[in-house]
Amino acid sequence: MTDADVHLVAQPRLDTVVTEFATDARRLRSDYAGMAWIGDRPDPESGQLGPDYRQRGVDSQLFLPDTHWYDVDRLDDVEVQVGAGLLQVASTALRTQGLVGAIAEPVVEFFEHPEGLPGVGLCLGLRGQIFSNLGVSYRVTVLCAPEAVLRRGETAQPDERTEESDTGD
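Structure report, in brief. (Residues numbered from 1 in each chain as written. Predicted model: local features only at pLDDT ≥ 70, side-chain atom pairs only at ≥ 80, totals over all residues. Heavy atoms only, no water.)

The next point concerns the side chain of Arg27. Inspection of the secondary structure puts Arg27 in strand β4 (residues 26–38). Assessed through its relative accessible area of 3%, Arg27 is described here as buried. For Arg27, the side chain forms a polar contact with the side chain of Asp77, separated by 2.9 Å. Only 3.4 Å separates the side chain of Arg27 from the backbone oxygen of Leu143, close enough to count as a polar contact. Residues contacting Arg27, with those up to four places away along its chain left out, are Thr16, Val17, Val18, Glu20, Asp77, Glu79, Leu143, Cys144, Ala145 and Pro146. (Helix = DSSP H or I, 4+ residues; strand = E, 2+ residues; numbered from the N terminus. Buried < 20%, exposed > 50% of the residue type's maximum accessible area, 1.4 Å probe, protein only. Polar contact = N/O pair within 3.5 Å; in protein donor to acceptor, adjacent residues only side chain to side chain. Contact = heavy atoms within 4.5 Å.)

See the structure below:
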């Protein structure tokens, strides 16, 4: 069985300073969102995924393209929430919906910068097995002390396509 490629396409990140209800503490809320195309990218003209029907494993840890870089020592009270939803399954050559397989619950973890720069960034973890190409939308919300951000992440544009960036795990 081969491994499926995963391509992340980020939406613009939203950063807001909020007040925590219970303590009145200032917190930075960063909302990361986008698409994870698993197996292949959609056709730019039709928006449809191709019908590549074969069993493939999914085991990816990918840096979010627009991740902030955080000071690990200041993340003691960080809160992270992640959600994902299946958006598109490729149709078959007979124009019926193909098999999906299974994608386990997504996880988000902090990993050190791949080039050894200071700080840790957010990685989206997806694993499972697929039988056709599919698209998964993701949303990650991070609440932390504003001082925990060492460097702001790049601003992703909706039309940018980010190549796979494995952490090597």
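On to the environment of Gly85. Counting through the fold element by element, Gly85 comes out in strand β7 (residues 79–89). Taking the relative accessible area as the measure of exposure, Gly85 reaches 24% and is therefore partly exposed. With sequence-adjacent residues up to four places away left out, Gly85 is seen in contact with Gly135, Val136 and Ser137.

The next point concerns the nonpolar core. Core analysis: the largest hydrophobic core is formed by 27 residues, its most contacted members being Val6, Leu8, Ile38, Leu64, Tyr70, Leu122 and Val140. Of all the secondary-structure elements, those providing two or more residues to this core are β2 (6–10), β4, β5 (56–63), β10 (120–130) and β11 (134–144). Discounting residues that sit within four places of it in the chain, Leu122 has contacts with Tyr32, Leu62, Phe63, Leu64, Thr67, Tyr70, Val108, Glu109, Phe110, Val140 and Val142. (Core = buried A, V, L, I, M, F, W, Y, C linked by side-chain atoms within 4.5 Å.)

With that settled, the discussion passes to unusual backbone geometry. Of note, Asp24 is a non-glycine position whose phi angle comes to about 65°, a positive value. As for its placement among the helices and strands, Asp24 is situated in the loop between β3 (14–19) and β4.

Our focus in this paragraph is the side chain of Thr67. Mapped onto the secondary structure, Thr67 falls in the loop between β5 and β6 (69–70). Classification of Thr67 as buried rests on a relative accessible area of 4%. A polar contact is formed between the side chain of Thr67 and the backbone nitrogen of Leu122, at a distance of 2.9 Å. Ignoring sequence-local partners within four residues, the contact set of Thr67 consists of Tyr32, Gly121, Leu122, Gly153 and Glu154.

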